[in-house]
Amino acid sequence: MKAISIHQFGGLEELTYSTQPKPQLNSGDVLIKTSAAGVNPIDWKTCSGGGASGFIDEMPFIPGWEFSGIIADAGDTDFETGQAVFGMIRFPQPAGCYAEYIAAPAAQIAQLPDAVDLITAGGLPTTSLTAWQALFDKGELKSGQKVLILGAAGGVGHLAVQLAKWTGAHVTGTASVHNHEFLATLGCEHTIDYHTQNITDHVSDIDLIIDCIGGETAIEALPCLTIDGVIVTLPSVTKEQVVAAGAAQRRRVETILCEPSAKQLSQIAQLVADEQLLLHTTETFPAEKAAEAFELSQSGHVCGKLILTFNDQS
């Protein structure tokens, strides 16, 4: 099979598109013929020696933790050959999703409704599970509460906006001004231009902050919380900084490590099928152009999601 891989940690020049052995199935695995794989910051961070690189014991390493595709071999599981599925698998252990074939744990994948296309599904699992777990598992969001989403136009952010609105929350988001109209269509009631406006001048009494930015941006937003409010900070590189600032201000800070969940993915897929949740795809790339996708992701200005396609998908 063809796959994107690296033989050592480094920059974009380390990515190669070459022939690799097709993965072998263990008990409980299915073999997926890949249709699409989402591009997430954790992918290029890991390839550069950060991110989840500490979990990589051998090279070559095939990046990627989320995918969509068709079951080519159901192994000893209850799935059937030919079913369309998607998932986020094995994280943070290597999962090898930037490949034409993937060995996926059946317990971590979900069947796709007919109404959800495979390309969209390839970019859905990681961002949607992160948003879901931040809002509901960590943030315990309830209808009627006030939510602030920092970095609301990004991959996780734009899904968090929609899920919070679906729950019945009042949603405020921060984004560049050119993304404000986009966020309004998703359910953002108020938008703040983080380039020109101070968050604390416009927002107060927030029950839950979803922090997709981290660092000083998150710390500056802490006074917006109610006394019982919580901020869920996503970026791992600044989480200790935000936790320390929260403790100093007597504000509750939660960190998160997204976990695979077939049950949550099934709920999310149904919301997409019912047109209650939309994944905004910025651009798709053929798998051999993964370096271009990484470079765009590294710019930090992606609205929505980047997706790699496989097996002549477009």
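Residues numbered from 1 in each chain as written. Predicted model: local features only at pLDDT ≥ 70, side-chain atom pairs only at ≥ 80, totals over all residues. Heavy atoms only, no water.

Asks: Looking at this model, I keep getting lost on the overall build of the chain. Mind explaining?
Replies: Broken down by element type, the chain carries nine helices and 15 strands. Against the 2.2 N^0.38 benchmark of 20 Å for 314 residues, the chain shows a C-alpha radius of gyration of 19 Å, consistent with a compact globule. A principal-axis box enclosing the C-alpha atoms of the chain has dimensions of 55 × 40 × 35 Å. By residue count, 56% of the 314 residues in the chain fall in the buried class. By sequence separation, contacts in the chain at least 24 residues apart represent 67% of the contacts at least 6 residues apart. Distance from the positive charge centre (16 side chains) to the negative charge centre (36 side chains) of the chain: 5 Å. (Helix = DSSP H or I, 4+ residues; strand = E, 2+ residues; numbered from the N terminus. Rg over C-alpha atoms; globule rule 2.2 N^0.38 Å. Buried < 20%, exposed > 50% of the residue type's maximum accessible area, 1.4 Å probe, protein only. Contact = heavy atoms within 4.5 Å. Lys, Arg positive; Asp, Glu negative; His and termini not counted. Charge placed at Lys NZ, Arg CZ, Asp CG, Glu CD.)

Asks: Would you mind going over the sheet that holds strand β13 (residues 252–255) with me for this structure?
Replies: Pairing between the strands of a sheet comes from backbone hydrogen bonds, and it takes one of two forms, parallel or antiparallel. In space, the six strands of this open sheet follow the order β10-β9-β8-β11-β12-β13, with parallel pairing throughout. Lying at the two open borders of the sheet, with one neighbouring strand each, are β10 (190–192) and β13. Mean inter-strand twist for the sheet, computed between neighbouring axes without regard to direction, equals 20°. Contacts from helix α4 (residues 155–167) reach β8 (146–150) and β9 (170–174) within the one sheet, and its direction differs from that of β8 by about 170°. (Pairing = 2+ DSSP bridges. Axes fitted to C-alpha atoms, helices over the stretch in contact; angles between N-to-C directions.)

Asks: What is the right way to read helix α3 (residues 125–138) from this model?
Replies: Given 3.6 residues per helical turn, the α-helix brings residues three or four places apart onto the same face. Extensive coverage of α3 is indicated by the burial of 12 of its 14 residues. The set of residues buried in α3 consists of Pro-125, Thr-126, Thr-127, Ser-128, Leu-129, Thr-130, Ala-131, Trp-132, Gln-133, Ala-134, Leu-135 and Phe-136. Glu-140 sits one or two positions beyond α3 and adopts a positive phi of about 50°.

Asks: Can you walk me through the pairing of strand β15 (residues 305–309) in this structure?
Replies: Consecutive side chains of a regular strand alternate in pointing toward one face of the sheet and then the other. A large share of β15 lies buried, amounting to five of its five residues. Of the two faces of β15, the one holding Lys-305, Ile-307 and Thr-309 and the one holding Leu-306 and Leu-308 are both buried throughout. Both strand β3 (residues 29–39) and β15 contribute to a ladder of four bridges, which runs antiparallel. Bridging from a neighbouring strand, Ala-36 pairs with Thr-309 of β15. Examined bridge by bridge, strand β14 (residues 281–286) and β15 share five bridges and lie parallel to one another. For Thr-284, the partnering residue across the bridge sits in β15 and is Ile-307.

Asks: Whenever I open this one, the state of the cysteines confuses me. Can you help?
Replies: Two cysteines, two sulfur atoms, one covalent bond between them: this is a disulfide. Considering all chains together, one arrives at zero disulfides under this definition. Its sulfur unpaired, Cys-47 is 13 Å from the next cysteine sulfur, which belongs to Cys-97. (Disulfide = S-S within 2.5 Å.)

Asks: Sorry if this is basic, but what is going on with the environment of Glu-292 here?
Replies: For Glu-292, the location among the structural elements is in helix α9 (residues 290–298). Along the sequence, Glu-292 and Leu-12 sit 280 residues apart, while their C-alpha atoms lie 8.5 Å from each other.

Asks: Whenever I open this one, the pattern of salt bridges confuses me. Can you help?
Replies: Close approach of charged atoms allows side chains of opposite charge to pair. If you walk through the whole model with that rule in mind, you get five salt bridges. In this structure, the salt-bridge partner of Glu-254 is Arg-252, at a minimum N-O distance of 3.2 Å. Several salt bridges share partner residues, and in doing so they unite Lys-138, Arg-252 and Glu-254 into one network. (Salt bridge = Lys/Arg side-chain N within 4 Å of Asp/Glu carboxyl O.)

Asks: Could you clarify how one ought to interpret the side chain of Asp-193 in this entry?
Replies: With respect to the helices and strands, Asp-193 occurs in the loop between β10 and β11 (206–211). Here Asp-193 is buried and forms no salt bridge, its nearest opposite-charge partner Lys-146 lying at an N-O distance of 20 Å. Here the side chain of Asp-193 touches His-195 through a polar contact of 3.1 Å, landing on its backbone nitrogen. Within the structure, Asp-193 has its side chain in polar contact with the side chain of Thr-196 (distance 3.1 Å). Setting aside chain neighbours within four positions, we find Asp-193 in contact with Ala-175, Ser-176, Val-177 and His-180. (Polar contact = N/O pair within 3.5 Å; in protein donor to acceptor, adjacent residues only side chain to side chain.)

Asks: Looking at this structure, how should I read the nonpolar core?
Replies: Where a protein is soluble and globular, its nonpolar side chains tend to be buried together. Ranked by internal contacts, the top residues of the largest apolar core, which has 93 residues, are Phe-67, Tyr-98, Leu-135 and Leu-183. Every residue in contact with Leu-183, bar those within four places of it in the chain, is listed here: Ala-152, Ala-153, Val-161, Ala-175, Cys-188 and Thr-191. In this structure, Ile-199, Ile-209, Ala-218 and Ala-221 belong to the second largest nonpolar core, which totals 17 residues. (Core = buried A, V, L, I, M, F, W, Y, C linked by side-chain atoms within 4.5 Å.)

Asks: When you look at the pairing of strand β12 (residues 225–233) in this model, what are you seeing that I'm missing?
Replies: Across the nine residues of β12, seven count as buried, placing the element largely inside the fold. One ladder, built from five bridges, connects β11 with β12; its direction is parallel. The residue bridging Ile-206 from the neighbouring strand is Leu-225, located in β12. One crossover worth recording links β11 to the parallel β12 by way of helix α6 (residues 215–221), and it is right-handed. Where β12 and β13 come together, four bridges link them in parallel fashion. Opposite Val-232, over in β13, you have Glu-254 as the bridge partner. Handedness of the β-α-β unit built from β12, helix α7 (residues 239–248) and β13 comes out right-handed. (Right-handed = clockwise from strand over helix to strand, strands pointing away.)

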